[in-house]
Amino acid sequence: MSDSPLDLPEAAVRRLESSAFSSGLTVPDFAACLDLGLQPVGLVQGFCVMRWGWYGSGSGYMRGLNPYAAGPQNNGGYTETYRCPHGYVSSEHRMWGQNVEQTWVEEAWSEGYGSAYRRMLEEAQSLGAHGVIGVVDRVSNLADTGTTEFHFLGTAIKVEDGPPPAGGVPWTTYLAGQRLTKSIEAGFMPVAVVATMASVRVWAFCMTEYLMEGSRGWGGPTSPY
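The paragraphs below set out a description of the structure included in this document. Values in this document were obtained by computation on a predicted structure and should not be read as measured data. (Residues numbered from 1 in each chain as written. Predicted model: local features only at pLDDT ≥ 70, side-chain atom pairs only at ≥ 80, totals over all residues. Heavy atoms only, no water.)

## Regarding the overall build of the protein chain
Link 1 in the chain: If you tally the helices and strands in the protein chain, you get five helices and seven strands.
Link 2 in the chain: Going from N to C terminus, the protein chain has its helices and strands arranged as α-α-β-β-β-α-β-β-β-α-β-α.
Link 3 in the chain: Sequence-distant contacts, at least 24 apart, represent 69% of the contacts inside the protein chain between residues at least 6 apart.
Link 4 in the chain: Entry remark: accessible area of the protein chain is about 13300 Å², with carbon and sulfur atoms responsible for 55%. (Helix = DSSP H or I, 4+ residues; strand = E, 2+ residues; numbered from the N terminus. Contact = heavy atoms within 4.5 Å. Areas by Shrake-Rupley, 256 points an atom, 1.4 Å probe, with all protein chains shown as cover.)

## So, the environment of Ala195
Link 1 in the chain: When you line up the elements, Ala195 lands in the loop between helix H4 (177-185) and strand E7 (200-203).
Link 2 in the chain: Under the relative-accessibility criterion, Ala195 is labelled partly exposed at 42%.
Link 3 in the chain: The sequence separation of Ala195 and Ser110 amounts to 85 residues, and the corresponding C-alpha distance is 8.9 Å.
Link 4 in the chain: Each residue touching Ala195, except ones within four places of it in the same chain, is listed here: Trp109 and Tyr113. (Buried < 20%, exposed > 50% of the residue type's maximum accessible area, 1.4 Å probe, protein only.)

## Thoughts on the packing of aromatic side chains
Link 1 in the chain: Tallied over the full model, the rule gives five aromatic pairs.
Link 2 in the chain: Arranged with centres 4.8 Å apart and planes meeting at 75°, the rings of Tyr113 and Phe152 form a pair that is edge-to-face. A residue pair is termed long-range when its members are at least 10 positions apart, and Tyr113 in helix H3 (residues 103-126) and Phe152 in strand E5 (residues 147-159) qualify at 39 residues.
Link 3 in the chain: Judged by relative accessible area, which is 9%, Tyr113 ranks as buried. (Phe/Tyr/Trp six-rings, centres within 6.5 Å; stacked < 30°, edge-to-face > 60°.)

## Details of the pairing of strand E4 (residues 131-141)
Link 1 in the chain: The pairing of E4 with E5 spans nine bridges and is antiparallel. In the strand pairing of E5, Ser140 is matched with Glu149.
Link 2 in the chain: Hairpin remark: E4 followed by E5, antiparallel, with five residues in the connecting loop; positive phi at Ala143, about 55°. (Pairing = 2+ DSSP bridges.)

## As for the pattern of salt bridges
Link 1 in the chain: Counted under the stated rule, the structure contains one salt bridge.
Link 2 in the chain: A salt bridge links Glu111 to Arg118, with the nearest nitrogen and oxygen atoms 3.9 Å apart.
Link 3 in the chain: Judged by relative accessible area, Glu111 falls into the partly exposed class, the value being 44%.
Link 4 in the chain: The exposure class assigned to Arg118 is partly exposed, which follows from its relative accessible area of 37%. (Salt bridge = Lys/Arg side-chain N within 4 Å of Asp/Glu carboxyl O.)

## Points about the sheet that holds strand E1 (residues 38-51)
Link 1 in the chain: Reading across the sheet, the four strands line up as E1-E5-E4-E6 and stay open at both edges, with mixed pairing between neighbours. Either end of the sheet is taken by a strand with one partner, and the two such strands are E1 and strand E6 (171-172).
Link 2 in the chain: Sitting on the sheet, helix H2 (residues 27-35) is in contact with E1, E4 and E5, with an inclination near 120° to E1. (Axes fitted to C-alpha atoms, helices over the stretch in contact; angles between N-to-C directions.)

## Quick word on the sheet that holds E7
Link 1 in the chain: The antiparallel open sheet is built from three strands, whose spatial order is E2-E3-E7. A strand with exactly one partner marks an edge of an open sheet, and here the two such strands are strand E2 (79-83) and E7. Going across the sheet, the axis of each strand differs from the next one's by a mean of 5°, ignoring polarity.
Link 2 in the chain: In terms of strand pairing, strand E3 (residues 96-101) meets E7 through four bridges, oriented antiparallel. Its bridge partner lying in E7, Gln98 is registered against Trp203.

## Structural notes on unusual backbone geometry
Backbone phi values are negative for most residues with the exception of glycine, while trans is the configuration of most peptide bonds.
Link 1 in the chain: Phi at Asp161 takes a positive value of approximately 60°, unusual for a residue other than glycine.
Link 2 in the chain: Summarising the element assignment, Asp161 is placed in the loop between E5 and E6.

## Observations concerning H2
Link 1 in the chain: Where H2 begins, the capping side chain belongs to Thr26, and its oxygen is found 3.2 Å from the backbone nitrogen of Asp29.
Link 2 in the chain: Gly37 sits one or two residues past H2 and shows a positive phi near 85°. (Polar contact = N/O pair within 3.5 Å; in protein donor to acceptor, adjacent residues only side chain to side chain.)

Structural data, given as structure tokens:
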């Protein structure tokens, strides 16, 4: 984490050192913020742009996965195999199916998400903020180039006469306005924005393929099979 605003991009330093403060809050949310004793000090952002690359093929075979083996084979990730109940039918008949958790996708997503989040916190710390409210996160693909942009945006605030945040790290929340007010009045204080993602690749076996095509068996939609 950055200890100095000089480690931030030049545009961010210029914005943070300006005499006026910025905010991403609506008028009602801004008013509710002031009623709680929270003073907005600046709009803070964090970005991370990643180029996603793939090693080899997406096939389970290319990643050393055996469709006829049971149990986890994917670096501790979830895998499940479905075997065809019909035996050999034809060379085009799907003999097996498999669900494979793509742990490499989850790790890449977590790295991009976490990097953008930490950079937003660096801007908030440079303002001496206690927290960041009204956080918005966006994940978007750029022009089908295999490039993914992670973007965090929020309003950094100071708590009037409040002690420094624990560990010097500002707390964060998606809440703002009345939702944040009700939460605090109920005795709940935001700590941090948290998120996770699971990615599972599915290779359909014969019955799944038939059902997705609208068929119920060998004889077509009217078959009792």
